Amino acid sequence: MAVLPIPFPGVSGDVPAAPAVVSKPSRPPRSVPIGTPVYTRRELAGLRTLDTVFREMYTIGLPELDAGERLVVGVTSAIRGEGRTTTGLGLALAIARDQDVHVLLIELDFERPSLARELNLPASPGIAEVLAQEVELDAALRHIDACAVDLLPAGKAPKAVSRLLRSAALRDFLTAARGSYEVVILDLPPALTSSDIMPLSGLTDGVLLVVRAGVTPLRLIERAAARLAEDKLRGVVLTGQRSKIPNWLRRLF
Amino acid sequence: MERYVETFFRFKWLFLFVLVVVPLLGAFYAFESQLVLFTSTGTVWAEKPAYLTIASTDWSQWDTPAQNQANNVQEFLQTNSFALDVLNQTDLRANLTTPLATQVTLAKLRRSVSVSPVGTHLLAISYSDQQPRAAQQVVQAIIDTFNKEVLSSADSQNSVALAFYQKQLADATTQANDATAALRSYLTAHPELTNGSAGPPVQVSQLVANASFAAQNPELVKLIQDQTAAAAEQTKFQNSVDQIEFSQSSAAVGTAQSFRIMDAPVVPKTAQTSKKKLLVPIGISVVAALLFVGGGVILLTLLDSTLRTARVAGQRLAVPVFVAVPLLKERRSWFRRRRYSRRSVRTLLALEAHLPELTGPSA
């Protein structure tokens, strides 16, 4: 099993001994470089907000977790760019840490995989290679050492994606994963751009539909919900919400 | 309601721009299009004309003299002949070149003249024009022309009445003379009635008092009655003629006294600005801006089919909305606005698992 090559502070690898918390950096970076966790207090506040949000998400949306049931949860959206992968990752991290369970995040969007790229991981091997029996599962998994989350990227896309996604191999793999992990989260392709969403959602215990606030039209959301297998839609996760109404006025609503 | 407020704040800079710029444009237009007007005012002392003692139907006894004369002036101004008479006495006659220009000038005259009583007898006549001299000339011309019109009207009325009553008086005089002559002839023929003297004719009352005498001389009684009636008719017509002649003579002087200038109109030195003309375009522009903003908010809200908040999503979707993930973004400042890239968001998410270690127990 490969360890996620992100040098987390205090966890493993070449990491600084103590995290640096800077209230106001003189020149804030455009993005936070991996391995140099320097945060402003406001960024830390944002992290704490996300922590609360994802905890609330699985508490309300996945109540079976408290009963100790094993779950296969799908995360999809109507179109691309709605925060589907981010939501899946955040959900996996929150569940793993709070519930003290093993979580597997599988990326099944072969058309435009992004999990490995965004986390600076090697794109392959992934689940495509595992299902094709080209590599062992252990070689394809990326492990976040600190919180019992395993990541399985899409890998190299096969020519017949639909055949792979509807294959018995995938079903068997998920059955096996359900035995090894308390929670398996599937990063599904967008519902309106993939014809495989219905059989894929049928493999899950429930699907969370990610909707980007202020971006996705209502009719697309309704069409995406209609494409999912019957009774699989658990609910909607609204991402990127930011109200423009000032706080003093928002209290009135 | 929340959706509409959200829409307003989403486009707040556009709406604020409209709310500020449109009224400013309206104010600019108001100041630029504001005509420089000079107003001249003359005050007049109004009284009831003496000639109206006969023909008083033109005068409302319920209104003050100032109100009566103000109404008369306004009525005269509605006639083209009077208004043209006024304009022809001023520099504005240069505008009366074509029928259309004449109509425009007449309309402007009627629009710009103000005749208003400021007391029981005091009347103010004002006129505003871009030319100060024309303003003074118009007020003066209105007063002069009104006086002339009233005098002319009274004179013609008196002339007709005088001719009528003079003819009536002549007839009545002839009849009275004839009745007197017949009575004298009868008395001369019957000297016993006057005891031989040519004294004054016997009064009817005396004859009536002596019933037996009247019964004996019915012809004399009839002559006396005719003479008395003819004399009364002559007196009546003579009185009418006298009254008309008096009013005719007083009309020439009396009109000037009943409508005399107290403060003559002068050429104004400074222009006056109309607050109303300034405020109307500004008010219209403010209302237009508000309508634009209100309409824009409604239209943009109705056109926006996306879900922006968890509350709205819960209202419009048939499925439950678990949570709303806030947009992770640094607070906006006026000089820089920093967004997290997708990569940094995921890195932060990965690092979130170590938040307690990063921030320490106090964080």
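Residues numbered from 1 in each chain as written. Chains lettered and ligands numbered in written order. Predicted model: local features only at pLDDT ≥ 70, side-chain atom pairs only at ≥ 80, totals over all residues. Heavy atoms only, no water.

*Asks:* Give a detailed account of the overall build of chain A, specifying residues and quantitative values.
*Replies:* Scanning chain A for helices and strands turns up 10 helices and 10 strands. For chain A, the residues scored as buried account for 51% of the 253 residues in total. Sequence separation of at least 24 residues holds for 76% of the intrachain contacts in chain A that already meet a minimum separation of 6. Carbon together with sulfur atoms contributes 50% to the accessible area of chain A, which is approximately 11200 Å² in total. (Helix = DSSP H or I, 4+ residues; strand = E, 2+ residues; numbered from the N terminus. Buried < 20%, exposed > 50% of the residue type's maximum accessible area, 1.4 Å probe, protein only. Contact = heavy atoms within 4.5 Å. Areas by Shrake-Rupley, 256 points an atom, 1.4 Å probe, with all protein chains shown as cover.)

*Asks:* Requested: an account of unusual backbone geometry, with residues and values cited.
*Replies:* All names here are of chain A. Following serine 124, the chain continues into proline 125 via a peptide bond in cis, with omega recorded as 5°. Tracing the chain through its elements places proline 125 in the loop between α3 (115–118) and α4 (127–131). Of note in this structure, aspartate 100 is not a glycine but carries a positive phi near 55°. Take aspartate 100: it is sitting in the loop between α2 (84–99) and β5 (103–107). Judged by its relative accessible area of 70%, aspartate 100 falls in the exposed class. If you check the backbone angles, glutamine 133 has positive phi at about 60° while not being a glycine. Within the element layout of this structure, glutamine 133 appears in the loop between α4 and α5 (137–140).

*Asks:* Describe in detail the packing of aromatic side chains, supporting the description with residues and values.
*Replies:* All names here are of chain B. Throughout the structure, instances matching the rule amount to 7 aromatic pairs over all chains. A centroid spacing of 5.2 Å and a plane angle of 75° characterise the contact between phenylalanine 164 and tyrosine 165, whose relative ring orientation is edge-to-face. Under the relative-accessibility criterion, phenylalanine 164 is labelled partly exposed at 47%. With a relative accessible area of 27%, tyrosine 165 lands in the partly exposed category. Joined through ring pairs, the aromatic side chains of Phe8, Phe9, Phe11 and Phe15 make up one cluster. The lysine or arginine in question, lysine 236, covers the ring of phenylalanine 237, its NZ or CZ lying 5.0 Å from the ring centre. (Phe/Tyr/Trp six-rings, centres within 6.5 Å; stacked < 30°, edge-to-face > 60°. Lys NZ or Arg CZ within 6 Å of the ring centre and 35° of its normal.)

*Asks:* Describe in detail the nonpolar core, supporting the description with residues and values.
*Replies:* Of all hydrophobic cores here, the largest spans 44 residues; its most connected members are Ile106, Leu108, Ile127, Leu170 and Val184 of chain A. With 36 residues, the next largest nonpolar core counts Leu65, Leu93, Ile95 and Leu208 of chain A among its residues. (Core = buried A, V, L, I, M, F, W, Y, C linked by side-chain atoms within 4.5 Å.)

*Asks:* Give me helix α4 (residues 80–88) of chain B: which residues, what numbers.
*Replies:* Buried residues of α4 of chain B: Phe82, Ala83, Val86 and Leu87 of chain B, and no others. Buried residues of α4 of chain B, seen end-on, are gathered within an arc of 135° and therefore sit on one face of the element. (Arc of directions from axis to C-beta.)

*Asks:* Describe in detail the side chain of threonine 309 of chain B, supporting the description with residues and values.
*Replies:* In this structure, threonine 309 of chain B sits in the loop between α10 (275–303) and α11 (310–316). For threonine 309 of chain B, a relative accessible area of 7% gives the class buried. Apart from the residues within four sequence positions on either side, threonine 309 of chain B is in contact with Leu238 and Gln241 of chain A together with Glu2 and Glu6 of chain B.

*Asks:* So what about the sheet that holds strand β1 (residues 38–46) of chain B? Which residues, and what values?
*Replies:* Residues and elements named next belong to chain B. Pairing within the open sheet is antiparallel, and its 4 strands lie in the order β2-β3-β1-β4. Pairing within the sheet leaves two strands with one partner each, and these edge strands are β2 (113–117) and β4 (259–263). Taken pair by pair, the neighbouring strands of this sheet meet at an average axis angle of 30°, ignoring direction. In terms of strand pairing, β2 meets strand β3 (residues 122–129) through 5 bridges, oriented antiparallel. Note that in β3 the partner of valine 113 across the bridge is tyrosine 127. (Pairing = 2+ DSSP bridges. Axes fitted to C-alpha atoms, helices over the stretch in contact; angles between N-to-C directions.)

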